[in-house]
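What follows is the residue order along each chain.
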Amino acid sequence: MQPKIMMKKKSVSASKASLVLFLCQMISALDVPLDLSQPPTITQQSPKDYIVDPRENIVIQCEAKGKPPPSFSWTRNGTHFDIDKDAQVTMKPNSGTLVINIMNGGKAEAYEGVYQCTARNERGAAISNNIVIRPSRSPLWTKERLEPNHVREGDSLVLHCRPPVGLPPPIIFWMDNAFQRLPQSERVSQGLNGDLYFSNVQPEDTREDYICYARFNHTQTIQQKQPISVKVFSMDSLNDTIAANLSDTDIYGAKPVTERQPVLLTPTGSTSTKVELRGNVLLLECIAAGLPTPVIRWIKEGGELPANRTFFENFKKTLKIIDVSEADSGNYKCIARNILGSAHHVISVTVKAAPYWITAPRNLVLSPGEDGTLICRANGNPKPNISWLANGVPIAIAPEDPSRKVDGDTIIFSHVQERSSAVYQCNASNEYGYLLANAFVNVLAEPPRILTTTNKLYQVIADSPALLDCAYFGSPKPEIEWFKGVKGSILRGNEYIFHDNGTLEIPVAQKDSTGTYTCVARNELGKIQNEVHLEVKDPTMIIKQPEYKVIQRYGQVSFECIIKHDSTLLPTVIWLKDNDALPDDERFLVGKDNLTIMNVTDKDDGTYTCIVNTTLDSVSASAVLTVVARPNPPFDLELTGQLERSVELSWIPGDENNSPITNFVIEYEDGLHEPGVWHYQTEVPGTQTTVQLKLSPYVNYSFRVIAVNEIGRSQPSEPSEQYLTKSANPDENPSNVQGIGSEPDNLVITWESLKGFQSNGPGLQYKVSWRQKDVDDEWTSVIVANVSKYIVSGTPTFVPYEIKVQALNDLGYAPEPSEVIGHSGEDLPMVAPGNVQVHVINSTLAKVHWDPVPLKTVRGHLQGYKVYYWKVQSLSRRSRRHVEKKILTFRGNKTFGMLPGLEPYSSYKLNVRVVNGKGEGPASPDKVFKTPEGVPSSPSFLKITNPTLDSLTLEWGSPTHPNGILISYILKFQPINNTHELGPLVEIRIPANESSMILKNLNYSTRYKFYFNAQTSVGSGSQITEEAVTIMDEVQPLYPRIRNVTTAAAETYANISWEYEGPDHANFYVEYGVAGSKEDWKKEIVNGSRSFFVLKGLTPGTAYKVRVGAEGLFGFRSSEDVFETGPAMASRQVDIATQGWFIGLMCAVALLILILLIVCFIRRNKGGKYPVKEKEDAHADPEIQPMKEDDGTFGEYSDAEDHKPLKKGSRTPSDRTVKKEDSDDSLVDYGEGVNGQFNEDGSFIGQYSGKKEKEPAEGNESSEAPSPVNAMNSFV
């Protein structure tokens, strides 16, 4: 019979302790449904000690419930309070709450007293606590005359506040006239009684506005004491004005400030006592005087201060222990200590206790004939007295009830009847307070009823407790059983917990715990059941947590927070910074799975937390962001210990900005020689803030310091003060002294001048000395100004000299310098190397020998020999059009060398020259040598045409580089079946003078692979391969074919064209590679079904092989073709616009047009009409057709896929052939061989191609030379 509706569990983050407390609260509450008869229950009442604002109405609360609804009455000071007789007092409808009208003339003081409320119905009466009503008071300070406080420096002082007694006591604080709180410290602080204590006064304590304020919270008023004046004096500063205000005794007693050992200002004496009630806050205070200011320490004699409940306040002068208990009783000692001694005080603390519940009586619902008990147990110090009341009347004088028996703190009920219903009050009291509890006995006979909502849905997270409600009521108390599922068996076992209030607890819910649960309640009067539903969800997890980040200032940082959650739960993600909301700053960008901070600043440093909430659970993860930056510059640079050659520099480091300083760099400025220029001096570790610096004489030093951390260097510090060192002789001589002649008859002596600070004094000069080596000569010396070069003229050619350079200033010379060896100027070598011999090693390599020239004829430093060699002619074909000399340099005194990269079967010439620092000597006589034959390159092309049933026609070109005399060609071929297996290989030798052959007796409809190469007497060259197929019948080839592959090459590109026979819409590709190379073929895809392609990015002067194939046609490819790109050379195309004949022609055309314009003008003035346009159209000359007005160009080549009509005036038929009758011009007449026949897009470049403007609609167009026809048309 203990009904309770359980709250829905919201989060698995609740601890087990809170869950137990929650269940206990449910069990302790006893609610009878309000539709059933029940005695009154007090539900709300005012506090026992009720302090009211005397300016507002007094409201004394008393609310109760019961069936039938209770009626209310009040007593005041123990007697009945008849509210009907007082017009200022009313009772709220359906309530016992009193409203005393003070604002309409009533006085709060008239209603002071003790009030008690009684709620009564036919089943009993409940009473409230005794409510003591007292109006708050905020009296004014009594007026008093405050004398100024004259205090000697170092003495103690107490400024008394003594606030008026108010209700409740006021809050005390000290301020000045400007309403600013007075600063407090270990020396100056406010005591618990409100007084202001000075452990020792200082001159800065002198002021006239020490004001104590009392704030009364209930009335929201602040009272102010008169200002207190304090004047602090000392004997040293005693002036006549102060002396006039002091007595002779005071002056006599004024002594210099002396230190004093501590003396306690409060509490006084050595011991005191303190009584505090259980559960309250214990405050103990010790304030001491002394100089220096004493430090306070607290201990508990015979024990430890309670952990987690002990706090120190007011600069450790106040010991605070919260929630005290009897165990906190004992002796507490405070110790005040300074360097002169200590003082202590012991406070004996006794903890008493007002009554507190051990077992409070609880409502009892019984059915007729049942037994029961009411228990009232309380404790306190001293132990409280327990008394019982029945319906508000002491039980001793209450009406008799044979079913009850009082036994001390327990009332026993036996065989109760309906008339036994009543409300019982238990009162536990001692000298410190009382407890009053109402508990009713309600006798009812009721069948079971379930109060939990039908089909209620519970949702929990897996592995957390699930609490399923079955709040019930019935009398006698029903028995509760739980079932799972529609036809499930009764739930039992350790995996379930059954609470007295009907709740079913599943301590660790799993996914299989999901389902429908049925609660059944039954007693002797009936049975009822209810279904609830449980869903177990997957827990929310952060699978990618934010990580610790270190980021530089002004950088960008991102924290990840990737979550996994139950698909039926909708998570929300919240980001916090230092457990608070993110700053309202657009730099913070919150994404779906991350937080990004742009342009990070120092204030972004902190802890960032990602919190993920669902309706059932919450998880979080945090990471720290550390913002680092370059350190702040050091400051407060100071120079100490100044000596002639050293000084000590110290500084204070700036903020390291979260990245430790690794080192300091010290720089100096020489304000005397290089003002404004800073030089590196030294560096020290980051833990060091002083350094001893070595100095040079005659330097006006300033220093600055730069801090360095992992992020970078700080800004330089402000410069230190300047320090000028004394002058001295130079310590060192110039460095890097050299003697090198610039002409055959001179010696140029150079050196690196001393820097300004190295001069050590004014008047820096240099003494330059020299003499010829190995000759018994005296030193020649000269003193020069502060320069770095001196030239000695009239020297022999290339002879060694001893040289030295010494520094000096106005104070004297530097130490004796060391000597260096130099040479006078060089001249060109006089003779050429002799006995030049060439030994040919193979067809591409030769070795050359020569005799060294005498060293005297070199006339300088021998650097080596240069071999000039060049190809005169190829022995297998005509000479090349130009001679390209090659040079090889051999360093040092080497007398032989290898000549690589020669061409086989060629005639070469070479000569040798000696080289010194001045240049090259004369060349040796040309030496002629020849290279032997080598293997040839691959044939230039191999074409296979005219396939028949049993034959193929082969055509080929001779090798681009025969490298000797060709003796034959070798042809090898073999059949290939449909699985690409190779058949037997057949070899045929062909005479060298042949260029084609018909291969007969082949199998019909068969694919063959051919291998073809050339031979010299040395051996066979590289081969080219090709494949071809014989036809199945004479009407049509079995396979498509690609034939007549032709190439036209320029320096870096080539235009490839071919003819295709086969199905439409074939996809072509072009393969190419360097001829004779074993590298894989390179493949280019042809866009669309065009029959031409431009290969770009080729190397000038290189032989290439090329073939064309079609995708998806059994790997069908054309025969190979070989071509060679033109050599890299300047274009020899003549700019036609600069030719004299062209200029003359243009002038004639211009004159003719001018004459025509004059004639037309004359005819028009005569009224005639000359149909020029019609005549031109009727007698059009095909050679001078005018261009389109919008285009200005002749017709051009059009891609077949473009399907664009030819431009007006085109001289090319639609079949893309140039007919003889259309133009007698040929490609050969105007082309530059293979160099210059085609542009990169395949268009012909010739003397008659007109220069066009670029038209976006027409794609890429070539740039062409100006045409005389175009020029003429531009005049028309």
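Please read all numbers here as calculations on a predicted model, not as lab measurements.

Considerations on the side chain of N363
Locating N363 in the fold gives a position in the loop between β28 (341-359) and β29 (364-366). For N363, a relative accessible area of 19% corresponds to the buried category. There is a polar contact of 3.0 Å between the side chain of N363 and the backbone nitrogen of F440.

Re the packing of aromatic side chains
Under the counting rule described, the total for this entry stands at 24 aromatic pairs. Seen from their ring centres, Y496 and F498 are 6.5 Å apart, and the 40° between their planes marks the pair as tilted. In this structure Y496 comes out as buried when scored by relative accessible area, which is 14%. Measuring from centroid to centroid gives 5.3 Å for Y969 and F1012, while their planes differ by 15°, and the two rings are stacked. You can see Y969 sitting in strand β81 (residues 966-976) and its partner F1012 sitting in strand β84 (residues 1007-1016), a full 43 residues away along the chain. Here Y969 matches F1012 in class, with each residue buried. Lying across the ring of F81, R76 places its NZ or CZ 5.9 Å from the centre.

So, the state of the cysteines
Under the definition given, this model contains six disulfides. What pairs with C62 in a disulfide is C117, and their sulfur atoms sit 2.0 Å apart. In this structure, the disulfide formed by C62 and C117 twists by about -70° around the S-S bond and is classed as left-handed. With C62 in strand β4 (residues 62-67) and C117 in strand β9 (residues 113-121), the pair connects residues that are 55 residues apart, well separated along the chain. At a sulfur-sulfur separation of 1.9 Å, the disulfide partner of C161 is C212. Every disulfide takes its handedness from the sign of the S-S torsion; for C161 and C212 that torsion is -70°, giving left-handed. A residue pair is termed long-range when its members are at least 10 positions apart, and C161 in the loop between β13 (157-159) and β14 (171-175) and C212 in strand β17 (residues 207-216) qualify at 51 residues. The exposure class of C161 is buried, given its relative accessible area of 0%. Look at C212 and you get buried, because its relative accessible area is 0%. The connectivity of the disulfide bonds within the protein chain can be written as 1-2, 3-4, 5-6, 7-8, 9-10, 11-12, using the sequence rank of each bonded cysteine.

Some words on the sheet that holds strand β73 (residues 845-851)
Adjacent strands of a sheet pair through backbone hydrogen bonds, lying either parallel or antiparallel. Taken together, three strands build an open sheet; the order of strands is β72-β73-β76 and the sheet is antiparallel. Because the sheet does not close on itself, it has two edges, and the strands there are β72 (834-842) and β76 (896-899). Shown here is a sheet whose adjacent strand axes are inclined to one another by a mean of 20°, direction ignored. As paired elements, β72 and β73 share six bridges and run antiparallel to each other. Following the sheet pairing, N842 is matched in β73 by L845.

Regarding the confidence of the model for the protein chain
Looking at the protein chain, the pLDDT average stands at 84 and 84% of residues meet or exceed 70. A low-confidence stretch, residues 247-255 stays under pLDDT 50, and its non-local contacts, those more than four residues away or across chains, total eight contacts. Between residues 1168-1276, whose pLDDT stays under 50, and residues either more than four places distant or in other chains, the model counts 137 contacts.

Observations concerning the pattern of salt bridges
A complete count under the given rule lists 40 salt bridges for this structure. One salt bridge connects E144 with K225, and the closest N-O pair in it is separated by 2.4 Å. Here the residue E144 occupies a position in the loop between β11 (131-135) and β12 (149-152), and K225 occupies one in the loop between β18 (221-224) and β19 (228-233), the gap between them amounting to 81 residues. E144 sits in the partly exposed class, given a relative accessible area of 36%. A salt bridge links D209 to R207, with the nearest nitrogen and oxygen atoms 2.7 Å apart. Classification of D209 as buried rests on a relative accessible area of 12%. Note on R207: relative accessible area 27%, which makes it partly exposed.

Calculation notes
Numbers given to residues run from 1 along each chain, matching the order in which its sequence is written. Totals for whole chains, interfaces and linings use every residue, but because this is a predicted model, local features are given only for residues with pLDDT of at least 70 and side-chain atom pairs only at 80 or more, for both listing and counting. Computation of side-chain values: all heavy atoms of the structure, hydrogens and water removed. By the criteria applied, helices consist of DSSP H or I runs no shorter than four residues and strands consist of E runs no shorter than two, each listed in order from the N terminus. Partly exposed describes any residue whose relative accessible area lies between the buried limit of under 20% and the exposed limit of over 50%, with all areas from a 1.4 Å probe on protein chains only and scaled to the type maximum. Any pair of nitrogen or oxygen atoms within 3.5 Å is treated as a polar contact; in protein, a donor-acceptor pairing is required on top of that, and neighbouring residues in sequence qualify only through side-chain atoms on both sides. Only centres within 6.5 Å qualify two rings of Phe, Tyr or Trp (six-membered ring in Trp) as a pair; their planes then separate them into stacked at under 30 degrees, edge-to-face at over 60, and tilted for everything else. Comment: the charge-over-ring label is applied if NZ (Lys) or CZ (Arg) is within 6 Å of the ring centre and within 35 degrees of the ring normal. Disulfides are defined as pairs of cysteine sulfur atoms found within 2.5 Å of each other. DSSP-based pairing: two strands are paired if at least 2 bridges between them are found. As a rule, the C-alpha atoms of each element are fitted with a line to give its axis, helices using only the stretch in contact, and angles between N-to-C directions run from 0 to 180 degrees. pLDDT gives the predictor's per-residue confidence on a scale running from 0 to 100. In this analysis, two residues are considered to be in contact whenever any of their non-hydrogen atoms come within 4.5 Å of each other. Here, a salt bridge means any Lys or Arg side-chain nitrogen found within 4 Å of an Asp or Glu carboxyl oxygen.

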